[in-house]
Amino acid sequence: MEKIVVQGLSELAEALKALPAEIASRNGGPLARALAKSARVIRNRAQQLAPSAPQAYKVDGVMIQPGRLKESIRAVRARKPDATEQYVVKPFSKQIRKKYGFGVNYWHLVEFGFTHESGEFIGPRSFLSAAYESEKTNALDVFKKSLGEGIERARKKIYKKK
């Protein structure tokens, strides 16, 4: 799976954290909002591309409705001590399991393909990597625009108080 690395983000994040508390909020401020918006661009495309069963089917006697994989794709802020700000776009199974009784723990098999117990290789039906590839430029543009707007809002707040 690909990772986008943007040089200078950690320095930018530190500079944003140095701003007054009402601007650089503990929710991440302009940087977190910009990352969230750009992650949603990729999430929306992944939801469009995710394959769906043509009709409902049964698993262990439980009727499974199509579209659970699409519904499970989320853009979630990851809180890790080694990362300044990070968003992850992928299927999350917990809410789907609560709603339907079965999660979507199989998503990686759909994304990357797998070898069936019969020995037949079932090819990948990439939706996450395809979404990333098709929307990475757009997501970066959204990030830059949103971050610029957020910094401008912060600047106006600072100078309004002085």
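Residues numbered from 1 in each chain as written. Predicted model: local features only at pLDDT ≥ 70, side-chain atom pairs only at ≥ 80, totals over all residues. Heavy atoms only, no water.

Draft legend 1. Structural view of a positive patch on the surface. On the surface, a cluster of positive charge is made up of Arg-33, Lys-37, Arg-40, Arg-153 and Lys-157. For the positive patch, the secondary structure elements donating two or more residues are helix H2 (29–49) and helix H6 (128–161). Top contributing element to the positive patch by residue count: H2, with three residues. Its location among the elements puts Lys-157 in helix H6. A relative accessible area of 44% places Lys-157 in the partly exposed class. (Patch = residues over 30% accessible without salt bridge, like charges linked within 9 Å, V, L, I, M, F, W, Y side chains within 5 Å. Areas by Shrake-Rupley, 256 points an atom, 1.4 Å probe, with all protein chains shown as cover. Salt bridge = Lys/Arg side-chain N within 4 Å of Asp/Glu carboxyl O. Lys, Arg positive; Asp, Glu negative; His and termini not counted. Charge placed at Lys NZ, Arg CZ, Asp CG, Glu CD. Helix = DSSP H or I, 4+ residues; strand = E, 2+ residues; numbered from the N terminus. Buried < 20%, exposed > 50% of the residue type's maximum accessible area, 1.4 Å probe, protein only.)

Draft legend 2. Spotlight on the pattern of salt bridges. Taken as a whole and assessed by the stated rule, the structure comprises three salt bridges. Between Lys-144 and Asp-141 there is a salt bridge, with the nearest N and O atoms lying 3.9 Å from each other. With Lys-144 and Asp-141 both in helix H6 and three residues apart, the pair spans about one turn of that helix. Relative accessible area serves as the criterion here: at 41%, Asp-141 is assigned to the partly exposed category. Across the salt bridge formed by Lys-145 and Glu-149, the nearest N and O atoms sit 3.6 Å from each other. Of this pair, Lys-145 and Glu-149 both sit in helix H6, separated by four residues, roughly a single helical turn. Residue Lys-145 is classed as exposed on the basis of its relative accessible area of 57%.

Draft legend 3. Structural detail: the nonpolar core. The biggest cluster of nonpolar side chains holds 17 residues, and the ones touching the most others in it are Ile-42, Leu-69, Ile-73, Val-89, Phe-127 and Leu-128. Among the elements of the structure, H2, helix H5 (107–112) and H6 are those that each provide at least two residues to this core. Those residues in contact with Ile-42, other than ones at most four positions away along the chain, are Val-89, Ala-131, Tyr-132, Glu-135 and Ala-139. Ala-34, Leu-35, Phe-143 and Leu-147 belong to the second-largest nonpolar core, a separate cluster that totals five residues. (Core = buried A, V, L, I, M, F, W, Y, C linked by side-chain atoms within 4.5 Å. Contact = heavy atoms within 4.5 Å.)

Read these as geometric descriptors, not functional statements.
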